[in-house]
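One-letter residues, chain by chain:
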Amino acid sequence: MLARQEELRADINRYHDPITRRLPPEIVSTIFESYAQDYAEEKIDDEGETGWEISKNDRSPLVLGAVCRSWRQISWSSPQLWTHIGIRLTRPDDWNCLEITQKWLDRSHQLPLSIHLSIHQPEPLLAVDPREVFSRLISLINQQSSRWQNLRVFCSPVLLPLIRGDGHGAPILHSLSVAHPQFLEQIDSIEFSFASVKCRPTYFLSLNLSFQSFHIDWSQVTKAQFTESIDIYLNEFIELLQQAPQLVDCQVPVIIDSEPTYQLPQLPVVHRNLQSLTLGTYRGTKLRLVFNILLFPQLAHLCLVAILDSHLGCFVDLITRSGCRITSLELRRIVCHYESLLRLLRNTSSLRELELRDCADLYSAEIDLHRLLSVIYTNSFALDYPQELFLPNLRFLHHSDFNLMWDASFWAHIPEILVGTQGAIHNSRKRPFNKIELSSQTYGPGFIRNPPPLCMDENIVLRLVGLSKSGVKVDLKCNSVDLLKVSMLYHHIMY
């Protein structure tokens, strides 16, 4: 009777299903793949509920298979639906997790895999060896190492050495991200390596693990990113440049002096492919000594974070010596003399994008943006001497600060740096600006937010509106309030 009831239910579902009744299975499979794509792109949150992650996701292929028999047959026989797997395990006794993982991997057939493995060690297990507890799950993942295309690992340091593949076949790894819990300090003694040949990723991300912890082939890496919790020695930075000749994007938030026994290379270190470099806090005294041997002729994007005035000159010299054309410059939490900033900008005449975020002058709480805008304006239209123009190619300017003063003279500078004199919106000789973003947070007594600073000059508002209509994006905000919009309302100006 139960079997007959189930058969009738399947017939009813099949009759009321307009997809599988009218479309061939190949088309239905493509629709399912598009539906499940959001799951494949979703990042698994390391916080939140415990247990088995993929069985809870609304766009998991498991959900498609639970609708009816025909959907289940199509989804389970479509291996492309099962190539992305996210595992977040906190209970070692969750045998259902192991069973689902095995079936998931089997349904992917031999297609390349994207795996996010997140294993948390709950408090009751602190006295237990996690290698014994979670070894079965790790073994399942290791058996598929020849199919790893994207691997993201978040687990205890004692488990990392276990994730090393099965030693059969060369890995096809494209992306490698490795991390251990953030509350742990940087660990240098942990090693991450593969059982057979070294993997050759093109994208690399490390959280809390040092450069020396990874035994990989760096020759194909095009993007290397270390997080702020990792101290990178200057000699490690040089080794990375030497071992990764294809490197295009390098992000190193914290740098410290080289180990005492390290000897600098006798010849200059020339990296001909590096185009984007992010360098952060430096602790030490040898930055100039090391950077004097570096050359980046293709460098186009430079981001400096929390660099002191005494070190800013190193990057000016690097740019000049390399002969590179910096088109994008981002400065965050820089404390320097105003003149040092101008010297850096004058040596980046090819600049198209400039971002200043929470930068400060040594003599004041913030960089004097009024003065900077005045320099940009007064030196932009001296067309009789084009070789002396200040940032003539600037297209995008972003400045964010806590104490930006929105007074009348500041408002007047904004349209002037964009188009020069009034009515010159279509002037072919103007700077090619297409976007300006100015943002601030201002507070009154007791940290109460002040009213938004309106532009009281109606003519300036009209000019800014005209710029917006001509295609220039004007984004002016204070305490997240759109100042141009509220100023238009104040003057009864319609867009």
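The residue numbering used here restarts from 1 in each chain and proceeds along that chain's sequence as written. Totals for whole chains, interfaces and linings use every residue, but because this is a predicted model, local features are given only for residues with pLDDT of at least 70 and side-chain atom pairs only at 80 or more, for both listing and counting. Side-chain numbers come from the whole structure's heavy atoms, not from hydrogens or water.

**Examining the overall build of the protein chain**
Broken down by element type, the protein chain carries 16 helices and 20 strands. For the exposure calls, accessible area comes from a 1.4 Å probe over protein chains only, and a residue counts as buried if that area is under 20% of its type's maximum, exposed if over 50%, partly exposed in between. For the protein chain, the proportion of its 495 residues judged to be buried stands at 48%. Contacts in the protein chain between residues far apart in sequence, at least 24 positions, make up 74% of those at least 6 positions apart. In short, Shrake-Rupley with a 1.4 Å probe defines the accessible areas, and a residue's cover is counted only from the protein chains shown. Put simply, the protein chain shows about 24700 Å² of open surface, and 52% of that area lies on carbon and sulfur atoms. For the purposes of this entry, the term helix denotes a DSSP run of H or I that reaches at least four residues, the term strand denotes a run of E that reaches at least two, and both are numbered from the N terminus. The criterion used for residue contact is that any of the two residues' heavy atoms lie within 4.5 Å.

**Describing helix H5 (residues 69–76)**
Residues that lie three or four places apart on an α-helix share one face, since the helix turns once every 3.6 residues. Of the positions making up H5, those classed as buried are Ser70, Trp71, Ile74 and Ser75. Down the axis of H5, the buried side of the element spans an arc of 125 degrees, and every buried residue falls inside it. What the arc measures is the spread of directions leading from the helix axis to the C-beta atoms.

**What about the packing of aromatic side chains?**
Stacked, edge-to-face and tilted labels apply to pairs of Phe, Tyr and Trp rings (six-membered ring for Trp) whose centres lie within 6.5 Å, assigned for plane angles under 30 degrees, over 60, and everything in between, in that order. On inspection of all chains with the given rule, the structure shows eleven aromatic pairs. Aromatic side chains Phe237 and Phe291 sit 6.3 Å apart centroid to centroid with 15 degrees between the ring planes, which places their arrangement in the stacked category. Of the two residues, Phe237 is situated in helix H9 (residues 234–243) and Phe291 in helix H10 (residues 287–291); the sequence distance between them amounts to 54 residues. Both residues of the pair, Phe237 and Phe291, belong to the buried class. Of the aromatic side chains, those joined through ring pairs into one cluster are Phe204, Phe211, Phe214, Trp218 and Phe226. When the NZ atom of lysine or the CZ atom of arginine is within 6 Å of a ring's centre and also within 35 degrees of its normal, the charge is said to sit over that ring. The positively charged end of Arg107 is found above the aromatic ring belonging to Trp76, 3.8 Å away from the centroid.

**Considerations on the nonpolar core**
The nonpolar side chains of a soluble globular protein tend to be buried, and buried together. If you look at the biggest cluster of nonpolar residues, it comprises 131 residues, and the most contacted ones within it are Trp218, Phe237, Trp406 and Ile414. Looking at this core, the element that brings in the most residues is helix H11 (residues 309–322), giving six residues. Excluding its chain neighbours within four sequence positions, the residues that come into contact with Phe237 are Ile232, Cys250, Val252, Leu277, Leu279, Phe291 and Leu294. Here the nonpolar core consists of buried residues drawn from Ala, Val, Leu, Ile, Met, Phe, Trp, Tyr and Cys, with membership extended through side-chain atoms lying within 4.5 Å.

**Quick word on the packing of helix H15 (residues 458–469) against helix H16 (residues 483–490)**
All axes here are fitted lines through C-alpha atoms, helices being fitted over the stretch that makes contact, and every angle between N-to-C directions spans 0 to 180 degrees. Close contact between H15 and H16 brings their axes to 10 Å; oriented N to C, the two are set at 125 degrees. If you check the angle between H15 and H16, you find them oblique. As for how H15 packs across H16, the hand of that crossing is left-handed. Contacts from Val461, Leu464, Val465 and Ser468 of H15 reach H16 at Leu484, Ser487 and Met488. Only Asp, Glu, Lys and Arg are considered charged, only Ala, Val, Leu, Ile, Met, Phe, Trp, Tyr, Cys and Pro nonpolar, and every remaining residue, Gly among them, polar. Its residues assigned to classes, the contact of H15 with H16 shows five nonpolar, two polar and no charged. Relative orientations are named as follows: roughly parallel for angles under 35 degrees, roughly antiparallel for angles over 145 degrees, roughly perpendicular for angles from 65 to 115 degrees, and oblique for any other angle. We call a crossing left-handed when the near helix sits turned anticlockwise from the far one by less than a right angle, and right-handed when that turn is clockwise.

**A few points about the pattern of salt bridges**
When a carboxyl oxygen of Asp or Glu is within 4 Å of a side-chain nitrogen of Lys or Arg, the pair counts as a salt bridge. Following the criterion strictly, the structure yields nine salt bridges and no others. Across the pair Arg343 and Asp317 runs a salt bridge, and its minimum N-O distance is 3.5 Å. Note that Arg343 is positioned in helix H12 (residues 338–346) and Asp317 in helix H11, a separation of 26 residues in sequence. The exposure class of Asp317 is partly exposed, given its relative accessible area of 26%. The partner of Arg332 in a salt bridge is Glu330, and the shortest N-O contact between them spans 2.6 Å. Put simply, Glu330, Arg332, Glu355 and Arg357 are held in one network by salt bridges that share partners.

**Thoughts on the environment of His301**
Note that His301 resides in strand E12 (residues 301–305). Of note is the side chain of His301, whose polar atom sits 2.9 Å from the side chain of Ser276. Whenever a nitrogen or oxygen atom comes within 3.5 Å of another N or O atom, the pair is scored as a polar contact, on the condition that within protein one atom can donate a hydrogen and the other can accept it, and that pairs from neighbouring residues in sequence are kept only if both atoms are in side chains.

**Here's the deal with the confidence of the model for the protein chain**
Low pLDDT means the predicted coordinates in that region are not meant to be read closely. Confidence scores labelled pLDDT are given residue by residue by the predictor and lie between 0 and 100. Overall, the prediction assigns the protein chain a mean pLDDT of 80, with 77% of residues at 70 or greater. Scored below 50 in pLDDT, residues 421–425 makes ten contacts in the model with residues more than four places away or belonging to other chains.

**Describing the packing of H11 against H12**
Orientation of H11 relative to H12, taken along the N-to-C sense of each, is 15 degrees, at an axis distance of 10 Å. On the basis of their axis angle, the class for H11 and H12 is roughly parallel. Considering the relative orientation of H11 and H12, their crossing is left-handed. Residues Asp309, Leu312, Gly313, Val316, Asp317 and Ile319 of H11 pack against Ser340, Leu341, Arg343 and Leu344 of H12. When its residues are assigned to classes, the contact of H11 with H12 shows five nonpolar, two polar and three charged.

**A few points about H9**
Of all ten residues in H9, seven are buried, a share of seventy percent or more. Of all the residues in H9, the buried ones are Leu234, Asn235, Glu236, Phe237, Ile238, Leu240 and Leu241.

**Points about the side chain of Ser213**
Among the structural elements, Ser213 can be located in the loop between strand E5 (203–207) and strand E6 (223–226). A distance of 3.0 Å separates the side chain of Ser213 from the side chain of Ser210, its partner in a polar contact.

**Side note on a nonpolar patch on the surface**
A grouping of Leu23, Ile27 and Ile31 is seen on the molecular surface, where their side chains present a nonpolar patch of about 230 Å² in accessible area. In this fold, Leu23 is placed in the loop between helix H2 (18–22) and helix H3 (25–41). What makes a patch is a set of residues exposed beyond 30% relative accessible area and free of salt bridges, joined within 9 Å when like-charged and within 5 Å when nonpolar (Val, Leu, Ile, Met, Phe, Trp, Tyr).

**So, the state of the cysteines**
In what follows, a disulfide is any cysteine sulfur pair within 2.5 Å. If you walk through the whole model with that rule in mind, you get zero disulfides. With no disulfide of its own, Cys303 lies closest to Cys359 among cysteine sulfurs, the gap being 9.9 Å.

**A look at the pairing of strand E13 (residues 328–332)**
With respect to burial, E13 is a largely interior element, four of its five residues being buried. By the bridge criterion, five bridges tie E12 to E13 in an arrangement that is parallel. For Leu302, the partnering residue across the bridge sits in E13 and is Leu329. In the classification by handedness, the crossover that spans E12, the intervening H11 and the parallel E13 is right-handed. Of the strand pairs in this sheet, E13 and strand E15 (residues 353–357) are connected by five bridges, and their pairing is parallel. Pairing of Leu331 across the sheet is with Leu356, part of E15. Pairing between strands is defined by DSSP: at least two bridges between them are needed. Handedness rule for crossovers: strands pointing away from the viewer, path from the first strand over the helix to the second running clockwise, crossover right-handed.

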